[in-house]
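One-letter residues, chain by chain:
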Amino acid sequence: MASGVKVDENVLHLFNDMKVRKANLSEDEKKKRKKVVLFCLSSDEKKIVVEEGREILQGDEGDPYTKLINMLPSDDCRYALYDATFETKETKKEDLVFIFWAPDSAPLKSKMIYASSKDAIKKKFTGIKHEWQLNGLDDIKDRRSLAEKLGGTSVVSLEGKPLNE
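All residue numbers refer to positions counted from 1 along the written sequence of the respective chain. With the structure being a predicted model, the display of local features is reserved for residues of pLDDT at least 70 and the display and counting of side-chain atom pairs for 80 or more, all residues being used for whole-chain, interface and lining totals. Hydrogens and water are ignored here; the side-chain numbers use all heavy atoms of the structure.

Enquirer: Before we move on, can you summarise the pairing of strand β6 (residues 130-134) with the specific residues and values?
Expert: Here β6 shows a clear split, with H130, W132 and L134 buried on one side and none of E131 and Q133 buried on the other. With helix α4 (residues 108-124) bridging strand β5 (residues 92-101) and its parallel neighbour β6, the resulting β-α-β unit is right-handed. Exposure is judged per residue with a 1.4 Å probe applied to protein chains only, and the accessible area is read against the type maximum: over 50% gives exposed, under 20% gives buried, and values in between give partly exposed. Secondary structure elements follow DSSP: runs of H or I of four or more residues count as helices, runs of E of two or more count as strands, with numbering from the N terminus. A crossover counts as right-handed when, viewed with the strands pointing away from the observer, the path leading from the first strand over the helix to the second turns clockwise.

Encoded structure:
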């Protein structure tokens, strides 16, 4: 069921910036690239917009996976785009992951609007290989659950940290 919610143009521009990896970027430019961005509904609930101040840059200090967990609101839904860096037994990879966060504690109306609007944003995010729906911190606290989505048992580390940490 579609909700009629539209996707703001800034969301699409941001997605395209994250999707295209330019090989000739300087170190400073690489550090300014987005690692994680959260999206929410506008106050009138008619558009999906970039949530102001809710992003992690490639050059930010600390573990981006832990920061992502801490950025998710405990009592409302969100969409997120996460540029995950991981290693398999053979190679190092980066893939974009679309995350649908709908915690059990979110209001029913919010869960319904976000769930029915998910297709609108997913259709704009062409080429996304991985989608991850999360319904609470238990789904995300262990990085192995994302590793399974990214490459099953062949993934040995996520964001430079071994899966057994």
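Enquirer: Quick rundown of the packing of aromatic side chains? Include the residues and the values.
Expert: Under the pairing criterion, centres of Phe, Tyr and Trp rings, with the six-membered ring standing for Trp, must be within 6.5 Å; the plane angle then separates stacked pairs below 30 degrees from edge-to-face pairs above 60, leaving the rest tilted. Considering all chains together, one arrives at six aromatic pairs under this definition. Centroid distance F15 to F125: 4.5 Å. Interplanar angle 20 degrees. Geometry classified as stacked. Here F15 is found in helix α1 (residues 9-19), whereas its partner F125 is found in the loop between α4 and β6, with 110 residues between them in sequence. Accessibility assignment for this pair places F15 and F125 in one class, buried. Each member of the aromatic cluster is reached from another via a ring pair, and the members are F15, F39, Y79, F98, F100, Y114 and F125.

Enquirer: Give a description of the nonpolar core that names residues and reports values.
Expert: Nonpolar side chains in soluble globular proteins tend to end up buried together. Residues grouped as a nonpolar core are buried Ala, Val, Leu, Ile, Met, Phe, Trp, Tyr and Cys residues, joined through side-chain atoms within 4.5 Å. Core analysis: the biggest nonpolar cluster contains 25 residues, and F39, I48, Y79, I121 and F125 have the highest contact counts within it. Those elements that provide at least two residues to this core are α1, β2 (34-41), β3 (47-57), β4 (78-88), β5 and α4. Those residues within four positions of F125 in sequence are excluded, and the remaining contacts are V11, F15, F39, L81 and F98. In terms of nonpolar packing, the next biggest core, distinct from the first, is built from 24 residues, Y65, I99, W132 and L163 among them. Two residues qualify as a contact provided that any one of their heavy atoms is within 4.5 Å of a heavy atom in the partner residue.

Enquirer: Explain unusual backbone geometry to me, using residue names and the numbers behind them.
Expert: For E45, which is not a glycine, the phi torsion comes out positive at approximately 60 degrees. Looking at the element boundaries, E45 is found in the loop between β2 and β3. Assessed through its relative accessible area of 34%, E45 is described here as partly exposed. Despite not being glycine, E159 has its phi angle at roughly 55 degrees, a positive value. Note on placement: E159 falls in the loop between β7 (155-158) and β8 (161-162).

Enquirer: How would you summarise the side chain of K118 if you had to cite specific residues and measurements?
Expert: Note on placement: K118 falls in helix α4. Each residue touching K118, except ones within four places of it in the same chain, is listed here: Y79, F98, F100, E131 and Q133.

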